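Residues per chain, in single letters:
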Amino acid sequence: MIDDILLEAEDNMDKAVEVAKDSFASIRTGQASSAMFAHILVDYYGAPTPLQQLAAIAVPEPRTVTISPYDASAKRNIETALRNSDLGVNPSDDGTLIRVNLPILTEERRKDYVKLAKSKAEDAKITLRNMRRKAKDAIDAAVKDGDVGEDDGSRGEKELDSLTKKHTDVIDALLAHKESELLTV
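None of these values were measured; they are calculated from a predicted model.

(A) Local environment of the overall build of the protein chain. Across its full length, the protein chain holds five helices and six strands. When the helices and strands of the protein chain are placed in sequence order, the string is α-β-β-α-β-β-α-β-β-α-α. In terms of overall dimensions, the protein chain is more spread out than a globule: its C-alpha atoms have a radius of gyration of 22 Å, far above the 16 Å expected for 185 residues. Once the C-alpha set of the protein chain is aligned to its principal axes, its extents read approximately 70 × 40 × 20 Å. The burial tally for the protein chain puts 35% of its 185 residues in the buried class.

Here it is in structure tokens:
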């Protein structure tokens, strides 16, 4: 029973770490990547549609991104979505594709992105703590109902704590890597 609770908690914590990785990838660094455009939604015939479903995204140079729409009629909406995004870019249409030149990040903008990364890391840690609390409550309920012994319950809590620490350390490492990426000029 405790093993099932711990297995479910570990699975959920793994998913939380993956979400944190995705949210860190969407934060812009000095170099272009297609992951930066993962959360951009384009108004396509009245429905918000992810940019990746509407266009091919390529990174031919470190600070240049090309976006080739599958449907030429969606170009204007893609440009609008890019301009309105929090990336701070100004796309240009050269007839067949949309070109996005990423400006060099200022020191102030880099610090803002570091703050954003720290905020996302803290959100992920809060999610982990909530999952830990839920699993601990389930272990406590199992001990109280007599389904498992107190020794098994305390062993399960210790395993849960080590599991939580392991995932928190992964998020801290991801944050440290993102900070070094952002602050490297």
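Read on for the rest.
(B) Representation of the sheet that holds strand S4 (residues 64-69) within the structure. Reading across from one edge, S3-S4-S6-S5 is the order of the four strands in this open sheet, with antiparallel pairing throughout. Looking at which strands have only one partner, the edges of the open sheet turn out to be strand S3 (55-61) and strand S5 (92-93). The sheet contact formed by S3 and S4 spans five bridges and is antiparallel. Across the sheet, Ala55 pairs through a bridge with Pro69, a residue of S4.

(C) The pairing of S4, seen in detail. Across the six residues of S4, five count as buried, placing the element largely inside the fold. Counting the residues that bridge the hairpin from S3 to S4 gives two residues. The pairing of S4 with strand S6 (residues 98-101) spans four bridges and is classified as antiparallel. When the bridges of S6 are listed, Thr66 appears paired with Arg99.

(D) Inspection of the packing of helix H1 (residues 2-25) against helix H5 (residues 150-183) at higher detail. H5 packs onto H1 with a crossing angle of 10° between their chain directions and a minimal axis gap of 10 Å. As summarised for this structure, H1 and H5 are arranged roughly parallel, according to the angle between their axes. Taken together, the residues that form the contact of H1 with H5 break down as 13 nonpolar, four polar and nine charged.

(E) Broad picture of the domain arrangement of the protein chain. Split by domain assignment, the protein chain resolves into domain 1 (1-27 + 106-183) and domain 2 (34-101). The gap between the C-alpha centroids of domain 1 and domain 2 is 33 Å. Every contact between the two is made by five residues of domain 1 and, on the other side, five residues of domain 2. Summed over both partners, the interface of domain 1 with domain 2 buries about 360 Å², with 47% contributed by carbon and sulfur atoms. Here domain 1 is connected to domain 2 by zero salt bridges. Where domain 1 packs against domain 2, one counts zero residue pairs in polar contact (both at pLDDT 80 or more). Counting only elements with at least two residues in the side of domain 1 that touches domain 2, the list comes to H1 and helix H4 (107-145).

(F) A look at the side chain of Thr64. Relative to the helices and strands, Thr64 is located in strand S4. Taking relative accessible area as the criterion, Thr64 reaches 7% and is therefore assigned buried. Reaching out from Thr64, the side chain makes a polar contact with the side chain of Asn101 at a distance of 3.2 Å. Those residues in contact with Thr64, other than ones at most four positions away along the chain, are Ala32, Ala58, Val59, Arg99, Val100 and Asn101.

(G) Just the pattern of salt bridges, in detail. Under the defined criterion, the tally for this structure stands at 14 salt bridges. Lys75 is paired through a salt bridge with Asp93; the nearest N and O atoms lie 3.3 Å apart. Taken together, the positions of Lys75 in helix H3 (residues 75-84) and Asp93 in strand S5 put the pair 18 residues apart, joining distant regions of the chain. On the accessibility criterion, Asp93 (37% relative accessible area) is partly exposed. For Glu159, the salt bridge is made with Arg155, and the minimal N-O distance between the two is 2.6 Å. With a gap of four residues between them, Glu159 and Arg155 both fall in helix H5, about one helical turn apart. By sharing partners, the salt bridges in this structure join Lys136, Asp140 and Glu157 into a single network.

So, how was this worked out
Residues numbered from 1 in each chain as written. Predicted model: local features only at pLDDT ≥ 70, side-chain atom pairs only at ≥ 80, totals over all residues. Heavy atoms only, no water. Helix = DSSP H or I, 4+ residues; strand = E, 2+ residues; numbered from the N terminus. Rg over C-alpha atoms; globule rule 2.2 N^0.38 Å. Buried < 20%, exposed > 50% of the residue type's maximum accessible area, 1.4 Å probe, protein only. Pairing = 2+ DSSP bridges. Axes fitted to C-alpha atoms, helices over the stretch in contact; angles between N-to-C directions. Parallel < 35°, antiparallel > 145°, perpendicular 65-115°, else oblique. Nonpolar A, V, L, I, M, F, W, Y, C, P; charged D, E, K, R; others polar. Domains from an automatic or database assignment. Contact = heavy atoms within 4.5 Å. Buried area = accessible area lost by both parts, 1.4 Å probe. Salt bridge = Lys/Arg side-chain N within 4 Å of Asp/Glu carboxyl O. Polar contact = N/O pair within 3.5 Å; in protein donor to acceptor, adjacent residues only side chain to side chain.

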